[in-house]
Amino acid sequence: MINDEMHIKMMIMFALRSAGGMIPSDTVAQIIDECGIGQIRTAGELFELRDQGHISLITDDGTEYALLEKTGREIVSALGRDLSSSLREKIILTTAKEIAKLRKDLEIMASYKERHGGGYDVCFTLKDEGEPLMDLKMYAPTTDQANIMITSFKNDPYRVYREVLASLSKKES
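Residues numbered from 1 in each chain as written. Predicted model: local features only at pLDDT ≥ 70, side-chain atom pairs only at ≥ 80, totals over all residues. Heavy atoms only, no water.

J.: Is there a simple way to explain the side chain of Lys9 in this structure?
T.: Within the fold, Lys9 resides in helix α1 (residues 4-19). Of note is the side chain of Lys9, whose polar atom sits 2.8 Å from the side chain of Glu48. In this structure Lys9 touches Glu45, Glu48, Leu49 and Gln52, once residues within four positions along its chain are discounted. (Helix = DSSP H or I, 4+ residues; strand = E, 2+ residues; numbered from the N terminus. Polar contact = N/O pair within 3.5 Å; in protein donor to acceptor, adjacent residues only side chain to side chain. Contact = heavy atoms within 4.5 Å.)

Written out as structure tokens, the structure reads:
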């Protein structure tokens with residue numbers, strides 16, 4: 001059986017795994033709060049999880065995001081069943097609801113145009129409440145590839161944004 005502190009940490013890591021990637025720390029706190037744990041306790045456990053290397057906390061434009069790291073994923077895989085099935089279900093549903101709210105606030109645009117020398121420029125734009133989060137232009141050799149890229153972006157624009165952000169935020173060793 002896990003103790004209270006470990007229980008909260010497991011809930012946080014389970015929520016991050018359910019989200020499928022990086023989400024605002026405030027959103028993590030809201031998810032856990034809806035499961036009966038106060039937001040102040042959640043904030044403290046987030047910092048401990050970061051210090052232990054199980055999650056990363058990344059700040060972008062004044063917003064702090066939490067991302068589950070490899071060790072966190074391994075812990076959730078090994079011990080996630082220690083959370084009751086009803087609690088796991090509540091975390092999954094609450095996380096999905098919060099992710100849907102985040103996506104609703106996003107303005108997603110993607111298009112392509114032919115290059116004079118061949119191939120296509122594929123343009124991706126992600127805005128939050130009218131403010132640009134990301135403008136990205138990439139090369140695609142064919143219209144089929146351009147359409148695949150656009151579909152993938154539109155299916156999960158937040159994943160693309162977080163992966164670009166995480167990639168550009170890594171410190172070189």
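Having put the structure on the table, let's press on.
J.: Please clarify how the sheet that holds strand β5 (residues 120-128) should be interpreted in this entry.
T.: Reading across from one edge, β4-β5-β6 is the order of the three strands in this open sheet, with antiparallel pairing throughout. The sheet terminates laterally at β4 (106-114) and β6 (131-140), the two strands that pair on one side only. If you compare each strand with its neighbour and ignore which way they point, the axes differ by 15 degrees on average. Contacting β4, β5 and β6, helix α6 (residues 143-155) crosses the sheet at an angle of about 175 degrees to β4. Taken strand by strand, helix α7 (residues 157-169) contacts β4, β5 and β6, and its axis lies near 85 degrees from that of β6. (Pairing = 2+ DSSP bridges. Axes fitted to C-alpha atoms, helices over the stretch in contact; angles between N-to-C directions.)

J.: Looking at this structure, I do not really get the packing of aromatic side chains. What am I missing?
T.: Ring pairs (aromatic) are described by centroid distance and by the angle formed between their planes. Counted by the stated rule, this structure contains two aromatic pairs. Ring geometry for Tyr112 against Tyr120: centres 5.5 Å apart, planes inclined by 90 degrees, an arrangement best described as edge-to-face. On the accessibility criterion, Tyr120 (15% relative accessible area) is buried. Here the aromatic rings of Phe124 and Phe153 are separated by 4.9 Å at their centres, their planes lie at 55 degrees, and the arrangement is tilted. One end of the pair, Phe124, is in strand β5; the other, Phe153, is in helix α6, and 29 residues separate them in sequence. Summarising the burial analysis for this pair, Phe124 and Phe153 share the class buried. (Phe/Tyr/Trp six-rings, centres within 6.5 Å; stacked < 30°, edge-to-face > 60°. Buried < 20%, exposed > 50% of the residue type's maximum accessible area, 1.4 Å probe, protein only.)

J.: Is there a simple way to think about the sheet that holds strand β3 (residues 63-68) in this case?
T.: Sheets are built from strands that pair by backbone hydrogen bonding, the pairs being arranged parallel or antiparallel. Strand order across the open sheet formed by three strands is β1-β3-β2, with antiparallel pairing between neighbours. Only two strands of the sheet have a single partner each, and these edge strands are β1 (23-24) and β2 (55-60). Where β1 meets β3, two bridges bridge the pair, whose relative direction is antiparallel. Looking across to β3, one finds that Pro24 is bridged to Tyr65.

J.: Mind showing me how you'd approach the pattern of salt bridges here?
T.: Pairs can form between side chains of opposite charge whenever their charged atoms are close. Enumeration according to the criterion identifies seven salt bridges in this entry. Linking Asp51 and Arg50 is a salt bridge whose minimum nitrogen-to-oxygen distance equals 3.0 Å. Judged by relative accessible area, Arg50 falls into the partly exposed class, the value being 35%. (Salt bridge = Lys/Arg side-chain N within 4 Å of Asp/Glu carboxyl O.)

J.: What is the right way to read the environment of Phe47 from this model?
T.: Its location among the elements puts Phe47 in helix α3 (residues 39-51). For Phe47 and Gln145, which are 98 residues apart along the polypeptide, the C-alpha to C-alpha distance reads 41 Å.

J.: Would you mind going over the side chain of Ser25 with me for this structure?
T.: Relative to the elements of secondary structure, Ser25 occurs in helix α2 (residues 25-34). On the basis of relative accessibility, which here comes to 5%, the residue Ser25 falls in the buried class. Residues in contact with Ser25, not counting those within four places in the same chain, are Leu46, Leu57, Glu64, Tyr65 and Ala66.

J.: How should the packing of α1 against helix α4 (residues 70-79) be read in this particular structure?
T.: Helix packing for two helices is described by the angle between their axes and how far apart those axes are. Here α1 crosses α4 at 105 degrees, and the two axes come no closer than 9 Å. The angle between α1 and α4 falls in the class roughly perpendicular. Along its contact with α1, which presents Met10, Met13, Phe14 and Arg17, the element α4 presents Gly72, Ile75, Val76, Ser77 and Leu79. A class-by-class count of the residues in the contact of α1 with α4 yields six nonpolar, two polar and one charged. (Parallel < 35°, antiparallel > 145°, perpendicular 65-115°, else oblique. Nonpolar A, V, L, I, M, F, W, Y, C, P; charged D, E, K, R; others polar.)

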